[in-house]
Amino acid sequence: MSAPTTTATPAPSAERGTGVPGGRRKYPLPRAMFVTIQSVFLAVIGLIVLVPLVVIFVGTFQDGGEIMRSGLRLDVDVSSFRFDNYVMLFTDSGLYFRWFANSVGLTLVQVAGTLLVSSFVAYGFAMYDFKGKTAAFISVLLLMTVPFEIMMLPLYVMVNDLGLADSYGVIVIPFLAASVTIFFFRQYFMGIPKELLEAGRVDGVTEFGIFFRVVLPISRPALAAMGILNGMVTWNNFLWPLLVLRSAEKFTLPIGLNTLLTPYGNNYDLLIIGSFFSLLPVLVLFLCFQRFFVAGMTAGALKG
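A short tour of the structure in this document, coming up.

Parameters at a glance
- Residues numbered from 1 in each chain as written.
- Predicted model: local features only at pLDDT ≥ 70, side-chain atom pairs only at ≥ 80, totals over all residues.
- Heavy atoms only, no water.
- 1 Å grid on protein atoms, 1.4 Å probe; cavity = no way out; pocket = protein on both sides within 12 Å on 5 of 7 lines; lining within 4 Å.
- Points joined across faces, edges and corners; volume = space filled by probe spheres on them.
- Helix = DSSP H or I, 4+ residues; strand = E, 2+ residues; numbered from the N terminus.
- Nonpolar A, V, L, I, M, F, W, Y, C, P; charged D, E, K, R; others polar.
- Core = buried A, V, L, I, M, F, W, Y, C linked by side-chain atoms within 4.5 Å.
- Buried < 20%, exposed > 50% of the residue type's maximum accessible area, 1.4 Å probe, protein only.
- Contact = heavy atoms within 4.5 Å.
- Salt bridge = Lys/Arg side-chain N within 4 Å of Asp/Glu carboxyl O.
- Phe/Tyr/Trp six-rings, centres within 6.5 Å; stacked < 30°, edge-to-face > 60°.
- Lys NZ or Arg CZ within 6 Å of the ring centre and 35° of its normal.
- Polar contact = N/O pair within 3.5 Å; in protein donor to acceptor, adjacent residues only side chain to side chain.

### Quick word on the layout of surface pockets
Its boundaries defined by the atoms lining it, the largest pocket holds a volume of some 760 Å³. Taken together, 26 residues line the largest pocket, and the ones lying closest to its centre are Phe148, Phe175, Ala178, Ser179 and Val233. At the level of elements, helix H4 (96-127), helix H5 (133-144), helix H6 (148-162), helix H8 (179-189), helix H11 (220-235) and helix H12 (239-244) are the ones that each hand at least two residues to the lining of the largest pocket. When residues in the lining of the largest pocket are grouped by element, the largest group, five residues, is from H11. Residues that form the lining of the largest pocket fall into these classes: 18 nonpolar, seven polar and one charged. Considered as a void within the structure, the second largest pocket measures approximately 350 Å³ in volume. The wall of the second largest pocket is formed by 17 residues, among which Thr107, Leu108, Val111, Gly227 and Leu285 lie closest to the centre. Looking at the lining of the second largest pocket, the elements with two or more residues in it are H4, H11 and helix H14 (268-288).

If you want it as structure tokens, here you go:
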């Protein structure tokens, strides 16, 4: 009688590239040293990013004319600091706070409108099949490659022909369907299981109800990420508002600060402290939604 044959059980293989059974990652350095080096590197990068903010903050306590002659620097005499710029900002800054309010309102409307319209368009691309879908999406991708400066002149001519110049509508409406935002939302929505939509239809929810009550609530990271990016772009937008706005009372903050430099006199004091305060809304926006921003950007990069 022949002996029973036995099948050898293969040993667990190491994950490719790690050299360690079970797939555990092997660090080229001790883990504690690796984490320390990584933390020090990120701290240095953070300090480099913060240096311009600290320098301009120090400049708010100095004379504007002196800064323009000697430049912004950190090696200054603290005893020479003065609060004249802050007093002037809150007592004799002219239209500064009007410009600030214009920028805040315009940014809120622009961001809300862009998120709503762009996410709605992206939802159609991600969840529905219709004739011409591929061609339409390719046109969105091609539009991402076209610089705004190419479209600026025909858009400006159209605005003048329609008599819509010097209004906030022509700043907001042409950019509600932003190609980059549509692409990002489309990639994000591709990762949402379509079973959720089918469950909503079975429960009798309308298509609009599915979008507003099912899809948008679970897309908060993507909304936060695109809200921050679009908010920064709108807040710092200079060229297009400069072309279409004529009244000084309607100027946004970037345009208003630019008007402080004229051939007849320069208000460097207000320019410096006004520029510093113009940074605060963007910083606050990012700090408040930082967690959602990171999650949204990561999900948008991995899904689709």
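The structure having been displayed, the exposition proceeds.
### Re the nonpolar core
Within the largest apolar cluster, 33 residues are counted, with the highest numbers of intra-cluster contacts made by Tyr96, Ile171, Trp240, Leu253 and Phe277. At the level of secondary structure, the elements contributing two or more residues to this core comprise helix H3 (84-91), H4, H6, helix H7 (169-172), H12, helix H13 (253-258) and H14. By residue number, the principal contributor to this core is H14, which donates seven residues. Apart from the residues within four sequence positions on either side, Trp240 is in contact with Phe148, Met152, Leu155, Tyr156, Val159, Val170, Ile171 and Phe175. Tyr123, Phe125, Leu197 and Val215 belong to the second-largest nonpolar core, a separate cluster that totals 23 residues.

### Quick word on the pattern of salt bridges
Using the criterion set out here, one finds five salt bridges in the structure. Put simply, Glu198 and Arg201 hold a salt bridge, and the shortest N to O gap is 3.0 Å. Taken as a pair, Glu198 and Arg201 lie in helix H9 (residues 194-202) at a separation of three residues, close to a single helical turn. On the basis of relative accessibility, which here comes to 45%, the residue Glu198 falls in the partly exposed class. We classify Arg201 as partly exposed; its relative accessible area is 28%. What you see here is one network of salt bridges that share partners, running through Asp63, Arg82 and Asp84.

### Quick look at the packing of aromatic side chains
Tallying each qualifying case throughout the model produces 28 aromatic pairs. Taking 5.0 Å as the distance between ring centres and 55° as the angle between the ring planes, the aromatic pair formed by Tyr123 and Phe211 counts as tilted. With Tyr123 in helix H4 and Phe211 in helix H10 (residues 207-215), this pair connects stretches of sequence that are 88 residues apart. This pair shows no difference in class: Tyr123 is buried, exactly as Phe211 is. Following the ring pairs from residue to residue traces out a cluster consisting of Phe57, Phe61, Phe81, Phe83, Tyr86, Phe90, Tyr96, Phe97, Phe100, Trp235, Phe276 and Phe277. One Lys or Arg, Arg186, reaches over the ring of Phe137 and ends 4.4 Å from the middle of that ring.

### Examining unusual backbone geometry
Excluding glycine, a negative phi dihedral is what most residues carry, and trans is how most peptide bonds are arranged. Residue Asp166 is not a glycine yet carries a positive backbone phi of 65°. With respect to the helices and strands, the residue Asp166 is situated in the loop between H6 and H7. Judged by relative accessible area, which is 17%, Asp166 ranks as buried.

### Concerning the side chain of Thr114
Among the secondary structure elements, Thr114 is positioned in helix H4. Given the relative accessible area of 1%, Thr114 is considered buried. For Thr114, the contacting residues outside a window of four places in its chain are Ser119, Phe175, Leu176, Ala178, Thr181 and Asn230.

### Examining the side chain of Thr60
Checked against the element boundaries, Thr60 lands in the loop between helix H1 (31-59) and helix H2 (64-70). On the basis of relative accessible area, Thr60 is assigned to the buried category, the value being 0%. Here the side chain of Thr60 touches Tyr86 through a polar contact of 2.9 Å, side chain to side chain. The contacts of Thr60, once residues within four sequence positions are left out, are Arg82, Asn85, Tyr86, Ile272, Ile273 and Phe276.

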